[in-house]
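Residues per chain are reported as follows:
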Amino acid sequence: MDSQRRQQIERIYHAALDRPSNQRAAFLDGACGEDCDLRREVESRFAQAPTETVVDGAVAAGTMLGPYRVEAPLGAGGMGVVYRAIDTRLNRPVAVKFLFADLADTTARRRFQTEAQTASSLNHPHILTVLDVGEHEGRQYLVTEFVDGGTLRRWKQDTQPGWPQIAELMAGVADGLACAHEAGILHRDVKPDNVLVSRNGYAKLADFGLAKLMEPNSGGPETRTATEMRTRPGTVLGTIAYMSPEQASGRPVDARSDIFSLGVVLYELLAGRRPFDGATDLETLQSVIHRPLEPLGKLRPDLPVGLRVAIEKALEKDPPDRYQSARELVVDLRREARQGVTAPVRPRWLTMAAIAGAILLLVAAIVLVVFRSGPAKAPPSATFAQVTDLPGEEYFPSLAPDGKSVVYQSQASGRWDIYLQRVGGGSPINLTKDSGVHNVTPAFSPDGELIAFASYRSAPEARVGLYLMGATGESVRRLSDLCFHPSWSPDGREIVCSTELIERPQARAPTSRLWRIEVATGRKRTIGSSDGIQPDWSPHNLRVAFAAGLGGQRDVWTMPIDGGEAVPVTQDQPVDWSPRWAPDGKHLYFASDRGGSMNLWRVAIDEKTGRTLGEPHPVTTPARYLEHISLSRDGTRMAYADQTQDVQIYKVAFDSLTETVQGTPIPITRGSKPHWFPDPSPDGKSLTFCSMQKPEDIFVIGTDGMGLRQLTNDSFMDRFPRWSPDNRRIAFMSDRSGRPEIWLINADGGDMRRLTYTDGTGDTVVAGAVWSPDGKRIAYNRADKDPCIIEVDTPWKDQQPVPIPTQKRWVRTWSPDGRRLGLLIGPKAFVYDFDTGTSTELGRGGQPVWLRDSRRMVMESGSNLELVDTITRRSKVLLSVAPKHVEGRLSISPDNRTIYFTASSTEADIWLATWK
């Protein structure tokens, strides 16, 4: 049998497999026609596969599995049958996967448990969400979200997508795979049948039944699986045609093995056949291990070179020659997909003519460049070295002009201080150890003689001041009031800075202003009238680059140093921040998550006009989360902070009578994504929360950590969910209308509607909402303005929003008796009284939430949960989660017996890139 015939059989078999069993005969009638041999071969493939009809263990329609009512079978996999069911609590479809009745041995059960445990630990929009597990008549089952569509193979056949659509879809799958790898989990069975695609074209990676925890340092004869099973070396698990050579050989595997399997899937989608195949399993195994790859360009010469190179790199036989992380593959796939979507479609003859013309123009340009400028320079490469290893976090590095030393802020002393360290040296010097207060965001002057920094040592009327000191910490003097992130003019005579301290771009509060300050006199003036953070003065004194964006998009801009119209450098969905000019002014570096993770990007730019001269390009670093960039004067060295953070939601039992917590905090969420702003349902059964990493969506989970479900699932920013007092709706902030507004959604995910319409009304950015105790009103925050109250069920055109005179403090909580609000501004909490119209400061502390007595509040303070009496001002530490930090909003169950909070553990170090 030739390869073309085998491919035809496989294609028809898999297409039939994607259909319900009662429709397959009719499908084969049309697909095989009069070719009886073809039909016989296809039917023989079904005879070899696990049967879908499990007579001795079939689950009848109408069977109740707790709250799940079985409706009909959907299909079969290698280990079980999948049924469509209805979650009767929420009246939504789910999928229920049963282990085959004849696979009831211990090994199969452990494999099934592995899938449940592994998949439930992962939280990613491109990974199938596990909702529940159970057992029915001795057979285990797994409940997952229902994907209204079919497998990746079915999607390809039904939609006939172009290569840009394939690249975009598979970039999402690769991103999900990267999430699993970052959690220490291998999939080991990536193939088209394990990727589900919904009708709206959204892909989900499924079936983690072969997943194994990664143990890169084990090196022993055995590896520990996620269920403590023992796997002997030489054991081959998975689907042969999609295995990596090392997996097919029974050798140890790591994340690069999954990348190879993903490369096989990509190759098959684009070429129409698998890259390694054979007439038998043994021949296929030998092909995977030994046969050279047929270049994709031979089969699809129309594909862009970048896409072909990416897939062939993923399919390198030797793991060190492949992508070393799935994140790298995500970046390349998304770049190619973007270029494919924007590229115009043209006839093939016109394309070839255009290519020929382009080649002639390119040759002419190269000749011209060679004669005018000499030989072209190759793209620079870099080496990377870790500079700091202090406990905790080091942020905001500033390289000395010669690149030989760096200053940064660190909490190694117990508070934020400014440290000086020689590059390559191991003895950092605390320059502000005697100040007794926080000192942050240092910046070397152009001559390296001075350091500008922000400090909380200012007089009481100013919360923070901008200071100068000598390069070794001497001669400290105050220059100005409120200002962070100083950047020096090229001649060292002035500083530009911003009025907001920004550590993470996703979490922003009031609008920030840019100030230009004379070093000699302290005289200051504003630059521009819009939002601006993290400014950087251009090398030829022409423009200032800065990041901006409240609530919605976060982009990089530039504007003339004397003020004037701002010009966007980026204007799209990714988060872009921390801009830094190259010393020659020809490029702008910035941090961005446009490649899937926060890393370094660069764009060519005209320093005089601010006009970009091309698309941004990645300058990949080994950082997990890159931020806070600084370049040396000659541009050969760059310092940056690399952050690793784990942000999860916890609960702890609380006795409001004795004012004590009971036991230790218990995690509710897990996974690699950060989970923020928990809010319990009034019935006490569920929590809603949001993810502050793209895609930023709203979730609901049981207070026991089970039954995770996603309420929003798109590219928009959805944040700050709050449950209505009647348990029916959730209010949240979203930019899905083009700017941040307040939206409502039913608790079951239906009937989403917009609540506020502040477009064109002169309002600044709308932020989080707080329900009144009776559920009839909502207070929402506005950046740089007092918050407002509106009626929930009154149309916007009939609304008269009522401002609350809180002196621009932000509403965080509404007292149960309806008479007072808990407010926050910076690190201080306040109480606003409706009867008197006045605010009272409670002191330091954040994210206040009322107890049922409308008198006491719980709030966070660094690593502590504190109880505060709003009448006597008495405070008491309830719990310390040190070395973790309490982040975001707190919440308390309606019966006041459980406190929910987000805790984070963060490590950040300064790294140095040296360009060769």
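Look above for the structure.
Everything quoted here is computed from the prediction, not taken from an experiment. (Residues numbered from 1 in each chain as written. Predicted model: local features only at pLDDT ≥ 70, side-chain atom pairs only at ≥ 80, totals over all residues. Heavy atoms only, no water.)

Moving on, we get to the overall build of the protein chain. Check the secondary structure of the protein chain and you find 13 helices and 59 strands. The 916 residues of the protein chain split such that 53% are buried. Contacts in the protein chain between residues at least 24 apart in sequence constitute 49% of all its contacts with a sequence separation of at least 6. Put simply, the protein chain shows about 39200 Å² of open surface, and 51% of that area lies on carbon and sulfur atoms. (Helix = DSSP H or I, 4+ residues; strand = E, 2+ residues; numbered from the N terminus. Buried < 20%, exposed > 50% of the residue type's maximum accessible area, 1.4 Å probe, protein only. Contact = heavy atoms within 4.5 Å. Areas by Shrake-Rupley, 256 points an atom, 1.4 Å probe, with all protein chains shown as cover.)

Moving on to the sheet that holds strand β17 (residues 417–422). Ordered by their spatial adjacency, 4 strands build an open sheet running β15-β16-β17-β18, and the pairing between neighbours is antiparallel. Only two strands of the sheet have a single neighbouring strand rather than two, namely β15 (394–399) and β18 (429–430). Here strand β16 (residues 405–410) runs beside β17; their pairing, made up of 6 bridges, is antiparallel. Within the sheet, the bridge partner assigned to Ser 405 lies in β17 and is Arg 422. (Pairing = 2+ DSSP bridges.)

Here we come to helix α2 (residues 24–32). Taken residue by residue, α2 has Arg 24, Phe 27, Leu 28 and Cys 32 as its buried positions. Along the long axis of α2, the arc covered by the buried residues comes to 110 degrees, so they all point the same way. Facing away from the buried surface of α2 by more than 90 degrees, the exposed residues are Ala 26 and Gly 30. At the C-terminal side of α2, Gly 33 shows a positive phi close to 60 degrees. (Arc of directions from axis to C-beta.)

Core analysis: the largest hydrophobic core is formed by 51 residues, its most contacted members being Leu 152, Met 170, Leu 262, Leu 270, Leu 307 and Ile 311. Of all the elements in the fold, those that place two or more residues in this core are α5 (152–159), α6 (163–182), β9 (195–198), β10 (203–205), α8 (255–271), α9 (281–290), α11 (305–314) and α12 (326–342). Broken down by element, this core gets its largest block of residues, 11 residues, from α6. Excluding its chain neighbours within four sequence positions, the residues that come into contact with Ile 311 are Gly 263, Leu 266, Tyr 267, Leu 270 and Leu 296. Core analysis: the next-biggest nonpolar cluster, separate from the first, contains 32 residues, Met 717, Phe 732, Trp 743 and Tyr 780 among them. (Core = buried A, V, L, I, M, F, W, Y, C linked by side-chain atoms within 4.5 Å.)

Glancing now at the side chain of Thr 570. Tracing the backbone shows Thr 570 in the loop between β30 (567–568) and β31 (576–581). A polar contact is formed between the side chain of Thr 570 and the side chain of Asp 555, at a distance of 3.2 Å. At a separation of 2.8 Å, a polar atom in the side chain of Thr 570 contacts the side chain of Asp 576. Other than its neighbours up to four places away in sequence, Thr 570 contacts Asp 555, Val 556, Asp 576, Phe 590 and Arg 594. (Polar contact = N/O pair within 3.5 Å; in protein donor to acceptor, adjacent residues only side chain to side chain.)

Let us now look at the state of the cysteines. Here the structure, examined in full by the defined rule, presents 1 disulfide. Two residues, Cys 483 and Cys 497, share a disulfide whose sulfurs are 1.9 Å apart. Sign of the S-S torsion, about 95 degrees for the bond between Cys 483 and Cys 497, identifies this disulfide as right-handed. Of this pair, Cys 483 sits in the loop between β22 (477–480) and β23 (484–488) while Cys 497 sits in strand β24 (residues 494–498), placing them 14 residues apart in sequence. What makes Cys 483 buried here is its relative accessible area of 0%. Residue class for Cys 497 comes out buried when judged on its relative accessible area of 0%. (Disulfide = S-S within 2.5 Å.)

Right, let's talk about the packing of aromatic side chains for a bit. This model, assessed by the stated rule, comprises 13 aromatic pairs. Plain terms: the ring middles of Tyr 395 and Trp 416 are 5.9 Å apart, the flat faces sit at 40 degrees to each other, and that makes the pair tilted. One end of the pair, Tyr 395, is in strand β15; the other, Trp 416, is in the loop between β16 and β17, with 21 residues separating them in the sequence. For the pair formed by Tyr 395 and Trp 416, the shared burial category is buried. Members of the aromatic cluster, joined through ring pairs, are Tyr 83, Phe 98 and Tyr 141. Sitting over the face of the ring of Trp 515, Lys 524 holds its NZ or CZ atom 4.1 Å from the ring centroid. (Phe/Tyr/Trp six-rings, centres within 6.5 Å; stacked < 30°, edge-to-face > 60°. Lys NZ or Arg CZ within 6 Å of the ring centre and 35° of its normal.)

What follows concerns the pairing of strand β55 (residues 856–861). Among the 6 residues of β55, 5 are classified as buried, and the element is accordingly described as predominantly covered. As defined by bridge partners, strand β54 (residues 846–850) adjoins β55 across 3 bridges and the pair is classed as antiparallel. Looking at β55, one finds that Trp 850 is bridged to Met 857. Two successive antiparallel strands, β54 and β55, enclose a turn made up of 5 residues, where Ser 854 displays a positive phi of approximately 55 degrees. Pairing analysis gives 6 bridges linking β55 to strand β56 (residues 864–869), with the strands arranged antiparallel. The residue of β56 that forms the bridge with Met 857 is Val 868. Linking two consecutive strands that pair antiparallel, namely β55 and β56, is a turn of 2 residues; a positive phi of about 70 degrees is found at Gly 862 within it.

The subject of this paragraph is the sheet that holds β55. Strand order in the open sheet formed by 4 strands is β54-β55-β56-β57, and the pairing between neighbours is antiparallel. Where the open sheet ends on each side, the last strands, each with one partner, are β54 and β57 (875–880). Adjacent strand axes in the sheet meet at a mean angle of 25 degrees, parallel and antiparallel pairs treated alike. (Axes fitted to C-alpha atoms, helices over the stretch in contact; angles between N-to-C directions.)

The next thing to look at is α8. Given a rise of 1.5 Å per residue, 17 residues ought to cover 24 Å, and the 24 Å separating the end C-alpha atoms of α8 matches this to within 8%. Most of α8 sits inside the fold, with 16 of its 17 residues counted as buried. (Expected span 1.5 Å × (residues − 1).)

With that out of the way, let us pick up the environment of Glu 860. If you trace the backbone, Glu 860 turns up in strand β55. Separated by 14 residues in the primary sequence, Glu 860 and Gly 846 place their C-alpha atoms 5.1 Å from one another. Ignoring anything within four residues of it in the chain, the contact list for Glu 860 reads Gly 845, Gly 846, Gln 847, Val 886 and Leu 890. At 3.2 Å, the side chain of Glu 860 and the backbone nitrogen of Gly 862 are in polar contact.

Next up on the list: the environment of Gly 436. One can find Gly 436 in the loop between β18 and β19 (439–444). On a C-alpha basis, the gap between Gly 436 and Arg 457 in space is 8.0 Å, while along the polypeptide they are 21 residues apart.

Scanning the entire structure with this criterion turns up 38 salt bridges. A salt bridge links Arg 89 to Asp 87; the shortest N-O distance between them is 3.2 Å. Judged by relative accessible area, which is 56%, Arg 89 ranks as exposed. Note on Asp 87: relative accessible area 0%, which makes it buried. Note that Glu 182 and Arg 327 form a salt bridge whose closest N and O atoms lie 2.7 Å from each other. (Salt bridge = Lys/Arg side-chain N within 4 Å of Asp/Glu carboxyl O.)

Here we take up the pairing of β15. Here β15 lies mainly inside the structure; 6 of its 6 residues are buried. Pairing between β15 and β16: 4 bridges, direction antiparallel. Residue Leu 399 lies in a different strand from β16, and its bridge partner there is Val 406. What sits between β15 and β16 in their antiparallel hairpin is a turn of 5 residues, with Gly 403 showing a positive phi close to 75 degrees.

Two elements in contact, α5 and α6, have axes separated by 12 Å at closest approach and are oriented at 160 degrees. For the element pair α5 / α6, the angle class is roughly antiparallel. As α5 runs across α6, the sense of the crossing is right-handed. Within the contact between the two elements, α5 uses Leu 152, Trp 155 and Lys 156 and α6 uses Gln 165, Ile 166, Leu 169 and Met 170. Among the residues forming the contact of α5 with α6, the class breakdown is 5 nonpolar, 1 polar and 1 charged. (Parallel < 35°, antiparallel > 145°, perpendicular 65-115°, else oblique. Left-handed = near helix turned anticlockwise from the far one by under 90°. Nonpolar A, V, L, I, M, F, W, Y, C, P; charged D, E, K, R; others polar.)

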